[in-house]
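# Analysis of the macromolecular model
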Amino acid sequence: MINYDIVIVGGGPAGLAAAVCAKQNGIDSILILERDKELGGILNQCIHNGFGLHTFKEELTGPEYADRFIRQVKDLGIEYKLNTMVMEVSQDKIVTAMNREEGMFGIQAKSVILAMGCRERPRGALNIPGYRPAGIYSAGTAQRLVNMEGYMPGREVVILGSGDIGLIMARRMTLEGAKVKVVAELMPYSGGLKRNIVQCLDDYGIPLKLSHTVVDIKGKERVEGITLAQVDENNRPIPGTEEFYTCDTLLLSVGLIPENEISRGMGVEINPVTSGPKVNESLETNMEGVFACGNVLHVHDLVDFVSEEAAAAGRNAAAYVKAAAGSGNPADSDTVSTDAAGEQSTDNSGAVEVIKDTIEAHEIRLIPTAGVRYTVPSTIRPDHMDENLTVRFRVGSVYKNCYVSAYFDDERVIHRKRQVVAPGEMEELKLTKEQILQYPKLKTITFKVEEE
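Description of the structure in this document. Quantities reported herein were computed from a predicted structural model and do not represent experimental measurements. (Residues numbered from 1 in each chain as written. Predicted model: local features only at pLDDT ≥ 70, side-chain atom pairs only at ≥ 80, totals over all residues. Heavy atoms only, no water.)

### As for the pairing of strand S8 (residues 103–114)
What counts is decided by this rule: Exposure is judged per residue with a 1.4 Å probe applied to protein chains only, and the accessible area is read against the type maximum: over 50% gives exposed, under 20% gives buried, and values in between give partly exposed. Strands are runs of DSSP state E lasting at least 2 residues, helices are runs of H or I lasting at least 4, and numbering of each runs from the N terminus. Paired strands, as defined in this entry, are two strands with at least two bridges between them according to DSSP.
S8 sits mainly inside the fold: 9 of its 12 residues count as buried. Judged from the 6 bridges that link them, strand S7 (residues 94–99) and S8 form a sheet pairing that is antiparallel. By the bridge assignment, Ala-97 is partnered in S8 with Phe-105. Turn length for the S7-S8 hairpin, with the two strands adjacent in sequence and antiparallel, is 3 residues. Note that S8 and strand S19 (residues 290–292) share 3 bridges and pair parallel. For Ile-113, the partnering residue across the bridge sits in S19 and is Phe-291.

### Concerning the sheet that holds strand S26 (residues 399–408)
Taken together, the 5 strands give an open sheet; going across it, the order is S24-S22-S29-S26-S27, and neighbouring strands pair in mixed fashion. Edge positions in the sheet fall to strand S24 (379–380) and strand S27 (411–421), since each has one partner strand and no second.

### Some points on the sheet that holds strand S15 (residues 225–230)
Just so we agree on the cut-off: Fitted lines through C-alpha atoms serve as axes, helices being fitted only where they are in contact, and the angles separating the N-to-C directions of these axes extend from 0 to 180 degrees.
Across the sheet, which stays open at both edges, the 3 strands sit in the order S14-S15-S16 with antiparallel pairing between neighbours. At either margin of the open sheet sits one strand with a lone partner, and together these are strand S14 (212–218) and strand S16 (243–246). The average angle at which neighbouring strand axes cross in this sheet is 30°, direction not considered. Bridge count between S14 and S15: 6 bridges; the pairing is antiparallel. Its bridge partner lying in S15, Thr-213 is registered against Ala-229.

### Points about the packing of aromatic side chains
How we decide: In this analysis, rings of Phe, Tyr and Trp, with Trp reduced to its six-membered ring, are considered paired at centre separations within 6.5 Å, and the interplanar angle assigns stacked below 30 degrees, edge-to-face beyond 60, and tilted for intermediate values.
For the structure on display, the rule yields 6 aromatic pairs. Plain terms: the ring middles of Tyr-65 and Phe-69 are 5.5 Å apart, the flat faces sit at 45° to each other, and that makes the pair tilted. Of the two residues, Tyr-65 and Phe-69 both sit in helix H2 (residues 62–75), 4 residues apart, roughly one turn of that helix. Classification of Tyr-65 as buried rests on a relative accessible area of 0%. Judged by its relative accessible area of 8%, Phe-69 is buried. Between the aromatic rings of Phe-291 and Tyr-320, the centroid separation amounts to 6.3 Å while the plane-to-plane angle is 70°, which identifies the pairing as edge-to-face. Pair noted here: Phe-291 is in strand S19 and Tyr-320 is in helix H7 (residues 303–325), with a separation of 29 residues, a long-range link. Grouping residues by exposure puts Phe-291 and Tyr-320 together as buried. Here the aromatic residues Phe-56, Tyr-65 and Phe-69 are joined through ring pairs into a cluster of three or more.

This is the structure we're talking about:
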C-alpha cells in the first residue's frame, strides 16, 4: 500500500486545477490518476477557440488551455499516472486502481478529490425506433474522430440535440466539407450557449428546429435518412408533422451525465437533479475528506468555471489534510508502508478524523425553487466559509426580464435583474460570510426566479 495526502481521480481540467492549487497550498504528496494516455481530458479534442477568457484573459483552444495547467503540474513536480483506471474508492479512502505495468494496486489517501468529468447520454436512453445501422454517433465521439483520429464520420449530417458539443460539431462538420441539414431540439429552447447558436448555426445557415425530435431512422447497414416530427407540450410527436431528411450520419447531442459510479460505490450522496454529489461550501461530500469538482459535480458551460471550482476543491482538501495532521490522532502511527519513492512512510490517513463537532456551527440548507433546478453547494457551514462564496445553479426554462433572488429564511436579501436566463447557461449569485453572519439563526437560503 502506497500513501499520498491527496489522490485526485481524473486528469482533466478539474483534476489538474485541483492538483495545482493543493500543491500551492502546501501539500507535496499528491497523485493524479488518469485513465487516458495523456492529461487534459476532453479539452484535447476541443480544438476550437473560446477557452480561457476568464482564467487567462485571452482566447485559447482547448489543447492550449489544458497545456497551461499540464505545464504547471509538471513544473510543480506533481505525480501522475496515465493509462490507469480507478476501480473503486473505499469509505476509508483506499483507492484501488489498475494499469498494465503495475496490475492492480491500492493507495491510501488522506483526502480524495473526485474529478472524473462526465459522459454523453447514449442513443439507448432516447427510445428512438428503427434499426441499429452504422452512422449514429454521439457528438463527442464524432468530435474525437474528426479532430484527433483524422476520420470523417459522414457527408450528410443531421444533429439531434442542441447541446454545445452538437452546435460546435455542426460548424466543424461543415468546415470539413459535410452538409449539415438540420439541428433538431426536443425542448422549445436550445440547450447550448447563445454564442454557439450564432457562431455555429446562424453564421453557416444551418436551421435549428425547436420542439422537434427524431421519430424514425431509415437504413439497416448504414443510416439512409431520418424522420423528424414536431412535439407537443408533453414532448409527444404530433401526427402529420413528419419530415424526412436523407442523410448518412446522425449525431446525438442530447445531454451529459456526470461519471459517478465510483462516487456511488463509496457511499457519496447524489443529487437526483444534477446526478452529481451533494456538497457543502467546501465542495466536500457527505464522506469526510472526499471532495468533488468540475463536471462530475454538475455539468458546466465554461471550462474557466471548472478550473475556478476545482481550485477551491484543491485548496479545501489541502486545508483538510493539514487539519487532520494537526489533530494528534493516536492511530496516526499504526501502519508503516512504502511510498512512491521507495522510502518507509507512516500511514496516518486510515483513521484520521477531524473532530468537527467542536468547531462546527449550524448548517444552512440551500433550497432551489420557483424555476431554479438545483444549487451547488447544497449546504453552507458559516464557520467554514471563505469570505466570498459563489453559488451556481441552472434554471428550468427560459425567463425574460426577470430577477434571480435569494431569501434568507423569509427575508429577500438578494434581488438581481436579468434580461434573460436560460437552461443552457449557468447562473450564479455571490454570498459573503459577513452577510450570512448577520443572521445567526439562519436555517435556509431559498433561490428563486421572479418575474416582476
